[in-house]
Amino acid sequence: MSENFKVTIDNITVEVAPGTTILEAARKVGGAVAPPTMCYYSKLEGSGGKCRTCLVEVSKGSEKDPRPMPKLVASCRTTVMDGMEVKNITSEKVPDARAGVTEFLLLNHPLDCPVCDQAGECDLQDLGYEHGKEGTRTEFPRRTFAPEDIGPYIQLHMNRCILCYRCVYTAEQLTERREHGVLDRGEHSRISTCIKNSLDNEFIGNVIDVCPVGALTDKTFRFKNRVWFTKPLDAHRNCSNPNCCGEVRLWMRGDEVYRVTARKDEWGEVATASNGKTGWICNECRFDKKDTKDWVIEGPTNINRHSVISQGHYAGTEGTAGKAEKLIDKVIGQEPKYTLDIHSVSEVNKPSVHLDRIPGPAHSNDFK
Amino acid sequence: MKLLLEKAHIEGIRYYDTYRKNGGYSSVEKALKMSPDEIVEEVKKSGLRGRGGAGFPTGMKWSFLAKPEGVPRHLVCNADESEPGTFKDRYLMEFLPHLFIEGMIISSYALGSNTSYIYIRGEYAWIPDILEQAIAEAKEAGWLGKNIKGTGFDCEIYVQRGGGAYICGEETALIESLEGKRGNPRIKPPFPAVQGLWMRPTVVNNVETIAAVGPIITMGGDEYAKLGAGRSTGTKLISACGNLNKPGVYEIDFNLSVEEFIYSDEYCGGIPNGKKLKACIPGGSSVPILPANLLLHESNGNKRLMNYESLSEGGFQTGTMLGSGGFIVLDEDQCVVRHTMSLAHFYNHESCGQCSPCREGTGWMYKILKNIEYGKGKMEDIDLLWDIQRRIEGNTICPLGDAAAWPVAAAIRHFRDEFEWHVLHPEEAQTRNYGLAHYAEPRTIVAAQ
Ligand SMILES: Cc1cc2nc3c(=O)[nH]c(=O)nc-3n(C[C@H](O)[C@H](O)[C@H](O)COP(=O)(O)O)c2cc1C
Ligand code: SF4
Ligand code: SF4
Ligand code: FES
């Protein structure tokens, strides 16, 4: 019915349907032209606009009204106009603003990547690597929150949370009743539940997959392995839950299934399943089916994100470091204790030890 | 010329009978004989600009209101008044509630809002009772309710108390809060005029804006537009506070000079104890602070006047903003660093925490300012502050981010030597303030990389 809009992003012109956001148009171009996103999630209605990492410059508003927009805009929540011209990587202002946002996001972040299960597949690590500056300009103690048990499956590390609200939208849109949300205001805002330990809905496990950082992690996988030592395989099973697509990714070491997650697309979002719906999975598939016998294995996962996981060089990966390939080849299946089995070396998964409560870097004595 | 506070001195004007005897509700009578579009037209002609801070033309805002068939529309009055230094709406609601309710009725009629709301800050604990009584009296007299005076127009007004969050004064956070949700500003678009309260078309206006609608209808938009100066039409309430002999709420003509407002006996009556004027924030805590010389004179040497254009003359290099009219005066004994720290604390405390620059940046600025104020600052901290505010401004969801950045930027722009003095004299800074300096030229700041 309506004509497509032409929009030019970093000098590349694409045609998109009216109502498309600048971000989705930029993803159509792909590559570095697509702005980084920390809060937007195309599968979650209402998400986006909060983290401000996707800011872009609109140098021409539209064919009809060519004036540039006075401020940088959040590309994830701004729709395109016909003839719009956008600058992302070609802008002079965007890199500075994005570096600023990165600095803000890291300002109170605990930087505990060495003991964080998300390390290696963390959007904040990627953002910091690509847009952050070396060193920090803050000299103040970082904000901390009291540890809190939010439910039987999911571990909350509030100190790592960037308040993207994705988990809130996920619970709102996937479960019949949302049991958690953001409490308090400003710097003290935190993810929490009104009723203690109440996150046990059969689809609540999906909040782990949407969380861009290690604030929500899988209790059944906690401290068991580093993601870059595990090997992802695509698999499926005939799940009895009608709302579960049963299509997953198994994270293996040897014959052991360490972790089950939903499949992700190239933007790090839960991928579309073969039934055409978003590939959310149920708790049973995620937490209880940790045996290869439960699954029909399809084959190695095609990873094309720039994460360290791709250093494993499985089929179709675009990993860059030849050296890493050799290292991985050496260590797989050998279990050298000092690099692989962090769990038994550091014993950090003792339930009585809360990393949040340890001031400064953790020491082996802390786990005695 | 007084339009709003004309009858403020009359004994018992808070009650309907006295108010009516003194000519009250004649503007509603007149308005109900007009068509809604005619009223919008009068408001457009009047040139009335929003008194909540942004100064957006009210008639234009009203004409943007979407009118889809079969969808109710709402008028929401923003009585959240939490901007430090601003207390003019309180005066209107407390002493002239019927003037305000009159404006609410006319505006509701003009916009076709059958259910209108007044969202009032929780700390004004006693005012909802005054408003609810005025509403009940107006209803009793037939100015509210079903089929008002036989026009076929129905209208109810409800008063909703807020929980005491500054951010709920931002119009979309206010709407969220009114809906019973967490007071987070919405990401715009869509704007309230299209999807506001319960996703229906909504107009949000400040108390003083609404109160001005009555006089506009009585005298006609053209007459109202003749008052004032240029695009600053009508009159404005200024709440003056700080080091003044006579702090309080004044209704001013837009041709009044800042100097006369501060020093004349008709208004603030000068600075107490023979002290000198050091600086002033003329429009509520969010607007840039100006040193005395720039406050009293525009960059071209002309006297600075109390209106939108004159106060913002020269942009932020040499000017500021009229904002909400919260006029805060600092005498020579006041410390700009301490003052800036206290504002930074306020914005840090009031950030809703949705977007990262404001959530993280406001706290960072506050901590650095605290260090400088308490003698632990470093020279680099001043450039760092500049850099932080620069990266908050314009990059956030709602204007609270800008409101947090501007005071810091202006303080450094105009009073950098005071910050430096704090760093160089950490011990002395604890016991005395930096003297009255001559800030004749605006400083140009080279942004630190
Ligand atoms: C953080 C923040 C706080 C605000 N607080 C108030 C307030 O207390 N009262 C008010 O009238 N407007 C306030 N505003 C402005 C409103 O968003 C809105 O612009 C105003 O109510 C519109 O009314 P007007 O056009 O009549 O000025 C605030 C804005 C921001 C960003
Ligand atoms: S817990 Fe994770 S998903 Fe939820 S708001 Fe925090 S960072 Fe986002
Ligand atoms: S600028 Fe501050 S107050 Fe406004 S939405 Fe962002 S975090 Fe909330
Ligand atoms: S991704 Fe657009 S603001 Fe977060």
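The rules behind the values
Residues numbered from 1 in each chain as written. Chains lettered and ligands numbered in written order. Predicted model: local features only at pLDDT ≥ 70, side-chain atom pairs only at ≥ 80, totals over all residues. Heavy atoms only, no water. Helix = DSSP H or I, 4+ residues; strand = E, 2+ residues; numbered from the N terminus. Rg over C-alpha atoms; globule rule 2.2 N^0.38 Å. Buried < 20%, exposed > 50% of the residue type's maximum accessible area, 1.4 Å probe, protein only. Contact = heavy atoms within 4.5 Å. Areas by Shrake-Rupley, 256 points an atom, 1.4 Å probe, with all protein chains shown as cover. Lys, Arg positive; Asp, Glu negative; His and termini not counted. Charge placed at Lys NZ, Arg CZ, Asp CG, Glu CD. Buried area = accessible area lost by both parts, 1.4 Å probe. Salt bridge = Lys/Arg side-chain N within 4 Å of Asp/Glu carboxyl O. Polar contact = N/O pair within 3.5 Å; in protein donor to acceptor, adjacent residues only side chain to side chain. Pairing = 2+ DSSP bridges. Axes fitted to C-alpha atoms, helices over the stretch in contact; angles between N-to-C directions. Domains from an automatic or database assignment. Near = heavy atom within 4 Å. Nonpolar A, V, L, I, M, F, W, Y, C, P; charged D, E, K, R; others polar.

### Description of the overall build of chain B
When its secondary structure is counted, chain B shows 19 helices and eleven strands. For 449 residues, the compact-globule estimate of 2.2 N^0.38 gives 22 Å, and the C-alpha radius of gyration of chain B, at 22 Å, lies within 12% of that figure. For chain B, the C-alpha atoms occupy an extent of roughly 75 × 45 × 35 Å along the three principal directions. Looking at chain B as a whole, 62% of its 449 residues are labelled buried. Partitioning the intrachain contacts of chain B with sequence separation of at least 6 by distance along the chain shows that 70% fall at a separation of at least 24. Per element, the accessible surface of chain B, about 16500 Å² overall, is 51% carbon and sulfur. Here chain B contributes 47 positive and 56 negative side-chain charges, whose respective centroids are spaced 3 Å apart.

### Focus: the overall build of chain A
In terms of regular secondary structure, chain A is built from eight helices and 14 strands. Looking at the 368 residues of chain A, the share that counts as buried comes to 54%. Pairs at least 24 residues apart make up 64% of the contacts formed inside chain A by residues separated by at least 6 positions. Surface exposure of chain A reaches about 17600 Å², of which carbon and sulfur atoms provide 50%.

### Digging into the interface of chain B and chain A
Many structure descriptions define interface size as the accessible area lost when the parts assemble. Counting from both sides, the interface comprises 36 residues of chain B and, opposite them, 35 residues of chain A. Summing the contributions of chain B and of chain A, the shared interface buries around 3000 Å²; its carbon and sulfur component is 46%. On the chain B side of the interface with chain A, the three residues burying the most area are Glu360, Trp364 and Arg391 of chain B, jointly 23% of the side's total. A salt bridge links Arg185 of chain A to Glu350 of chain B; the shortest N-O distance between them is 3.3 Å. At the surface where chain B touches chain A, the tally comes to 23 residue pairs in polar contact (both at pLDDT 80 or more). Mapped onto the side of chain B that touches chain A, the elements with two or more residues apiece are helix H15 (336-350), helix H16 (356-373) and helix H17 (379-392) of chain B. Looking at the side of chain B that touches chain A, the element that brings in the most residues is H16 of chain B, giving ten residues.

### A word on the sheet that holds strand S4 (residues 202-206) of chain B
Residue and element names in this part refer to chain B. In space, the four strands of this open sheet follow the order S3-S2-S1-S4, with parallel pairing throughout. Of all strands in the sheet, those with a lone pairing partner are strand S3 (156-161) and S4, marking the two edges. Sheet twist, expressed as the average angle between the axes of neighbouring strands with direction ignored, equals 20 degrees. Bridge count between strand S2 (residues 113-120) and S3: six bridges; the pairing is parallel. Counted as the bridge partner of Thr115 is Glu156 from S3.

### Some remarks on the domain arrangement of chain A
Residues and elements named next belong to chain A. For chain A, the assigned domains read domain 1 (5-101), domain 2 (116-121 + 139-221) and domain 3 (224-368). With 23 residues of domain 2 at the interface, the matching set in domain 3 holds 29 residues. A combined buried area of about 2400 Å² lies between domain 2 and domain 3, and 52% of that area is made up of carbon and sulfur atoms. Close ionic contact of Glu121 with Arg259 constitutes a salt bridge, the shortest N to O distance being 2.8 Å. Connecting domain 2 to domain 3 are 15 residue pairs in polar contact (both at pLDDT 80 or more).

### Some words on the site of ligand 2
Lining the immediate environment of ligand 2, one finds Cys161, Ile162, Leu163, Cys164, Tyr165, Cys167, Ile191, Cys211, Pro212, Val213, Ala215 and Leu216 of chain A. Each residue belonging to the shell around ligand 2 can be placed in one class, and the counts come to twelve nonpolar, no polar and no charged.

### A word on the domain arrangement of chain B
Residues and elements named next belong to chain B. Per the domain assignment, the segments making up chain B are domain 1 (16-226), domain 2 (231-327) and domain 3 (336-440). The centre of domain 2, based on its C-alpha atoms, is set 22 Å off from the matching centre of domain 3. The interface of domain 2 with domain 3 comprises 16 residues on the first partner and 17 residues on the second. Together, the buried faces of domain 2 and domain 3 total about 1500 Å²; carbon and sulfur atoms form 66% of this surface. Here domain 2 and domain 3 share one salt bridge between them. At the boundary of domain 2 with domain 3, the tally comes to four residue pairs in polar contact (both at pLDDT 80 or more).

### Comments concerning the side chain of Ser351 of chain B
Its place among the elements puts Ser351 of chain B in the loop between H15 and H16. Judged by its relative accessible area of 1%, Ser351 of chain B is buried. Among residues more than four places away in sequence, those in contact with Ser351 of chain B are Arg185 and Gly186 of chain A together with Cys358, Arg359, Thr362 and Leu400 of chain B.

### What about the sheet that holds strand S6 (residues 148-149) of chain A?
All names here are of chain A. Taken in spatial order, the three strands line up as S6-S7-S10 in an open sheet, and their pairing is antiparallel. Where the open sheet ends on each side, the last strands, each with one partner, are S6 and strand S10 (216-218). Judged from the three bridges that link them, strand S7 (residues 154-156) and S10 form a sheet pairing that is antiparallel. Along S10, the bridge assignment pairs Gln155 with Thr217.

### Focus on the environment of Tyr119 of chain B
Residues and elements named next belong to chain B. Structurally, Tyr119 can be placed in strand S2. Looking at Tyr119, the relative accessible area reads 1%, which means it is buried. Sequence separation between Tyr119 and Glu81 is 38 residues; the distance between their C-alpha atoms is 9.8 Å. Apart from the residues within four sequence positions on either side, Tyr119 is in contact with Cys77, Asn78, Ala79, Asp80, Gln160, Gly162, Gly163, Cys168, Leu174, Ser177 and Leu178. Reaching out from Tyr119, the side chain makes a polar contact with the side chain of Ser177 at a distance of 2.7 Å.

### Some points on the side chain of Glu170 of chain B
Tracing the backbone shows Glu170 of chain B in the loop between S3 and helix H8 (171-178). Of the polar contacts made by the side chain of Glu170 of chain B, one reaches the side chain of Lys188 of chain B; its length is 2.6 Å.

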